[in-house]
Amino acid sequence: KFFLSRECRYSWLEFAVLSFGGTVGWDGESSPYARDNTSITHLIHDRPSAPQTLKAACEYVQPQWIVDSINAACLLPVERYVPGATLPPHLSPFVD
């Protein structure tokens, strides 16, 4: 269960997550669930640092983690994708 921070462009992230069976919430009235939902597992945060208040049971990652996990066909470890981390090179799955 994912939650997209307000700075994320959520249309393509929502499409990617839903395409692989996840659920997505975001800030706004039309969101299926709120940020304080206790079942959120990953908060997608596209800023240089983590938010001031953190949810203990939730992983904070940058949007590239979603794309890289899709390309790897598994949920990658989150340590390299935390807010503020230097991201690994993003490689296209369509080239050798």
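No experiment lies behind these values; they were computed from the predicted model shown.

1. A short note on the overall build of the protein
The number of helices and strands found in the protein is 2 helices and 4 strands. Listing every helix and strand of the protein by position from the N terminus yields β-α-β-β-β-α. The 96 residues of the protein split such that 34% are buried. Put simply, 36% of the contacts in the protein that link residues at least 6 apart link residues at least 24 apart. Taken as a whole, the protein presents about 6,200 Å² of accessible surface, with 57% of it coming from carbon and sulfur.

2. A look at the sheet that holds strand β4 (residues 59-61)
One open sheet accounts for 4 strands, arranged β2-β1-β3-β4; its pairing is parallel. The sheet is open, and its two borders are formed by β2 (24-26) and β4, each paired with just one other strand. With strand direction ignored, the average angle separating the axes of adjacent strands in the sheet is 25 degrees. In this fold helix α1 (residues 10-19) packs onto β1 (2-4), β2 and β3 (42-44), with an angle of close to 155 degrees to the strand it touches most, β2.

3. Structural notes on the environment of Ser31
By the secondary structure assignment, Ser31 is in the loop between β2 and β3. Residue classification places Ser31 among the buried positions, given a relative accessible area of 13%. Measuring from C-alpha to C-alpha, the distance between Ser31 and Phe3 comes to 9.5 Å, with 28 residues separating the pair along the chain. Those residues within four positions of Ser31 in sequence are excluded, and the remaining contacts are Gly25 and Trp26. Engagement of the side chain of Ser31 in a polar contact is seen with the backbone oxygen of Tyr33, the distance being 2.6 Å.

4. Quick word on the layout of surface pockets
When its volume is computed, the largest pocket comes out at roughly 230 Å³. In terms of lining, the largest pocket is formed by 14 residues, of which the most central are Phe2, Phe20, Ser69, Ile70 and Leu75. Contributing elements (two or more residues each) for the lining of the largest pocket: α1 and α2 (64-72). When residues in the lining of the largest pocket are grouped by element, the largest group, 4 residues, is from α2. By residue class, the composition of the lining of the largest pocket is 10 nonpolar, 4 polar and no charged.

5. Looking at the packing of aromatic side chains
One pass over the full model with this rule turns up 1 aromatic pair. Both rings, one in Phe2 and one in Trp65, keep their centres 6.2 Å apart while their planes meet at 45 degrees; by these two values the pair is tilted. A residue pair is termed long-range when its members are at least 10 positions apart, and Phe2 in strand β1 and Trp65 in helix α2 qualify at 63 residues. For the pair Phe2 and Trp65, a shared accessibility class is recorded, and that class is buried. Directly above the aromatic system of Tyr33 lies the positively charged group of Lys1, at a separation of 4.4 Å from the ring centroid.

So, how was this worked out
Throughout, a residue's number is its position along its own chain's written sequence, starting from 1. Only residues with pLDDT of at least 70 get local features here, since the model is predicted, and only at 80 or more are side-chain atom pairs given and counted; chain-wide, interface and lining totals rely on the full set of residues. Based on all heavy atoms of the structure, the side-chain values leave hydrogens and waters out of the count. Working definition: helices are DSSP H or I runs of at least four residues, strands are E runs of at least two. Numbering for both runs from the N terminus. Per-residue accessibility, obtained with a 1.4 Å probe over protein chains only, is compared with the maximum for each type, and a residue is labelled buried under 20%, exposed over 50%, and partly exposed between these values. Note on contacts: a residue pair is in contact if any heavy atoms of the two residues lie within 4.5 Å. In this description, accessible areas are obtained by the Shrake-Rupley approach with a 1.4 Å probe, and a residue is regarded as covered only by the protein chains that are shown. Only when DSSP finds a minimum of two bridges between them are two strands counted as paired. Here an axis means a line fitted to C-alpha atoms, over the contact stretch when the element is a helix, while the angle between two N-to-C directions is reported on a 0 to 180 degree scale. Under the rule applied, a polar contact is a pair of N or O atoms within 3.5 Å (in protein, one hydrogen donor and one hydrogen acceptor; residues adjacent in sequence only if both atoms are side-chain atoms). Put simply, the grid is 1 Å and covers the protein atoms alone, a cavity is a trapped set of points that fit a 1.4 Å probe, a pocket is an open set with protein on both sides within 12 Å along at least five of seven lines, and lining residues have an atom within 4 Å of a point. Grid points are joined across faces, edges and corners, and a volume is the space filled by probe spheres set on the points. Three categories are distinguished: nonpolar for Ala, Val, Leu, Ile, Met, Phe, Trp, Tyr, Cys and Pro, charged for Asp, Glu, Lys and Arg, and polar for the others, with Gly belonging to the last. Ring pairs shown here join Phe, Tyr and Trp side chains whose ring centres sit within 6.5 Å, with only the six-membered ring taken for Trp; geometry is labelled stacked below 30 degrees between planes, edge-to-face above 60, and tilted in between. A ring is scored as having a charge over it whenever the NZ atom of a lysine or the CZ atom of an arginine sits within 6 Å of its centre and within 35 degrees of its normal.

The values reported here are purely geometric and, on their own, carry no functional implication.
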